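Spelled out, the chains give:
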Amino acid sequence: LPQSPHRAQVALKEALYADGEFKSTTSDDCIYVGQEQEKKYVILGAHVDDLPTTGVPEGIEKAEDAIRKTFKYTKIVNPKVITGVQIERDRNHRWLKLHQTSYTKDLLSTYGMSDCKGADTPMDPGTARALMLLPTDKVDRVATKAYQVLVGCLQWLRKTRSDFLFTLALLSRFLNNATQQHLDIARGRPLRFLKQTLGYGVVFYAGRNDWVLSGASDSDLAGDLNSARSTLGYFAKIGQFGTILSGCGLERKICTSTGQAETYALVSLIKSIVWLRNLLSELGHAMKEPTTLYVDNDGVLKQSTKTINHTQAKHYRISQAYIR
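Just so it is clear, the model here is predicted, and its values are computed rather than measured. (Residues numbered from 1 in each chain as written. Predicted model: local features only at pLDDT ≥ 70, side-chain atom pairs only at ≥ 80, totals over all residues. Heavy atoms only, no water.)

Chemist: Is there a simple way to explain empty space enclosed by the protein in this structure?
Modeler: A probe matching the size of a water molecule, rolled over the atoms, marks out where space remains unfilled. The full count for this structure, using the stated rule, is 1 cavity of 30 Å³ or more. Reported here for the largest cavity is a volume of approximately 40 Å³. Together, 11 residues line the largest cavity, and Tyr205, Ile238, Gly239, Gln240 and Phe241 are the ones closest to its centre. For the lining of the largest cavity, the element with the most residues is strand β8 (residues 201-205), which contributes 3 residues. Residue composition of the lining of the largest cavity, grouped by class: 6 nonpolar, 3 polar and 2 charged. (1 Å grid on protein atoms, 1.4 Å probe; cavity = no way out; pocket = protein on both sides within 12 Å on 5 of 7 lines; lining within 4 Å. Points joined across faces, edges and corners; volume = space filled by probe spheres on them. Helix = DSSP H or I, 4+ residues; strand = E, 2+ residues; numbered from the N terminus. Nonpolar A, V, L, I, M, F, W, Y, C, P; charged D, E, K, R; others polar.)

Chemist: Explanation requested: the state of the cysteines in the structure shown.
Modeler: Two cysteines joined by a covalent bond between their sulfur atoms form a disulfide. Applying the stated rule across the entire model yields 0 disulfides. Just so you know, Cys153 is unpaired, no disulfide at all, and the nearest cysteine sulfur is the one on Cys116, 16 Å from it. With a relative accessible area of 23%, Cys153 lands in the partly exposed category. Free of any disulfide, Cys248 has its nearest cysteine sulfur in Cys255, 14 Å distant. Looking at Cys248, the relative accessible area reads 25%, which means it is partly exposed. (Disulfide = S-S within 2.5 Å. Buried < 20%, exposed > 50% of the residue type's maximum accessible area, 1.4 Å probe, protein only.)

Chemist: Where do I start with the layout of surface pockets in this structure?
Modeler: Considered as a void within the structure, the second largest pocket measures approximately 380 Å³ in volume. Elements supplying a minimum of two residues to the lining of the second largest pocket: α6 (165-171), β8, β10 (231-238) and β11 (242-250). For the lining of the second largest pocket, the class distribution of residues is 9 nonpolar, 7 polar and 2 charged.

Chemist: Can you walk me through helix α4 (residues 125-133) in this structure?
Modeler: Helical geometry note: an α-helix holds 3.6 residues per turn, so side chains three or four residues apart project in the same direction. Along α4, the residues that are buried comprise Ala128, Leu131 and Met132. Axial view of α4: buried residues confined to an arc of 95°, hence all on one face. Looking at the buried positions of α4, the neighbouring elements they touch are α6 and α7 (180-186). For α4, the N-terminal capping position is held by Asp124, with its side-chain oxygen 3.1 Å away from the main-chain nitrogen of Gly126. (Arc of directions from axis to C-beta. Contact = heavy atoms within 4.5 Å. Polar contact = N/O pair within 3.5 Å; in protein donor to acceptor, adjacent residues only side chain to side chain.)

Chemist: I keep staring at the environment of Gly247 and nothing clicks. Help me out?
Modeler: Checked against the element boundaries, Gly247 lands in strand β11. Under the relative-accessibility criterion, Gly247 is labelled buried at 9%. Along the primary structure Gly247 and Lys159 are separated by 88 residues, whereas in three dimensions their C-alpha atoms are 11 Å apart.

Chemist: What is the right way to look at the sheet that holds strand β2 (residues 31-34) in this model?
Modeler: What holds strands together in a sheet is hydrogen bonding between their backbones, with the strands either parallel or antiparallel. With antiparallel pairing, 4 strands are arranged side by side in an open sheet as β1-β2-β3-β4. Each end of this open sheet is capped by a strand with a single partner; those strands are β1 (22-24) and β4 (53-55). Shown here is a sheet whose adjacent strand axes are inclined to one another by a mean of 20°, direction ignored. (Pairing = 2+ DSSP bridges. Axes fitted to C-alpha atoms, helices over the stretch in contact; angles between N-to-C directions.)

Rendered as structure tokens:
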């Protein structure tokens, strides 16, 4: 039924709230933390019927007690796979890696690309330009359906492959009017890139001095050749490698300068950083220092740190004020 996911979460929340031992975070109501985090630290995340849980032994036992009163459940200690994401640990060196190698291998096998020659990048400028200039007035229903299936399969990689995000955003622009030429491009270099980077994923190191939140944003100007809209991109990470959030897509407004496009990209990143800092605080890992963000536009930096009233930039002054 359409309401099943909501009703399932309501039932889970009632079970966890019954004894007053848990509360959901304000940042994400599908993430639960224990009320006694100092003595019984525990975090529980809900994804359909999977409940990844971490914490000290006393906290995890408390979570089990709350769940078993209402549900029958299966406990897996140190799982190797969660929702299709493989978990690889090296406890001696204190690092953890999230990747989707098995899924990627199956995807390549499905499209007959298991033995293809690899590529260094998922998309090159010439191919991206050719893709945007392909005619879309004669829709091929068969090709469009096959294209939608392929892009849908690639979308599942968003969880661990931020390096593939721009290519996904670009391919997704043609989901409703793809032709055989669009399908041929999607089955080419993007899959060859995945072949060469099978083991790529997200790595986290524990106990390092640089376990801090940082991020960066960037944008082009009128990069989409059909609509003249700009493409924004940003990411946030903890430590040296651990990317925990990323985004890429077309800005809705038509930007008239690189400064405007870069400002909108930075605003998108900062909104995510505000949310992330609040979530980390609720999880007991508050970022006490300012979060360093990187942007490669000097004008954006000056306008975002000083109240400079440029007439040419007055139409996006609110965004500058939000950044400040």
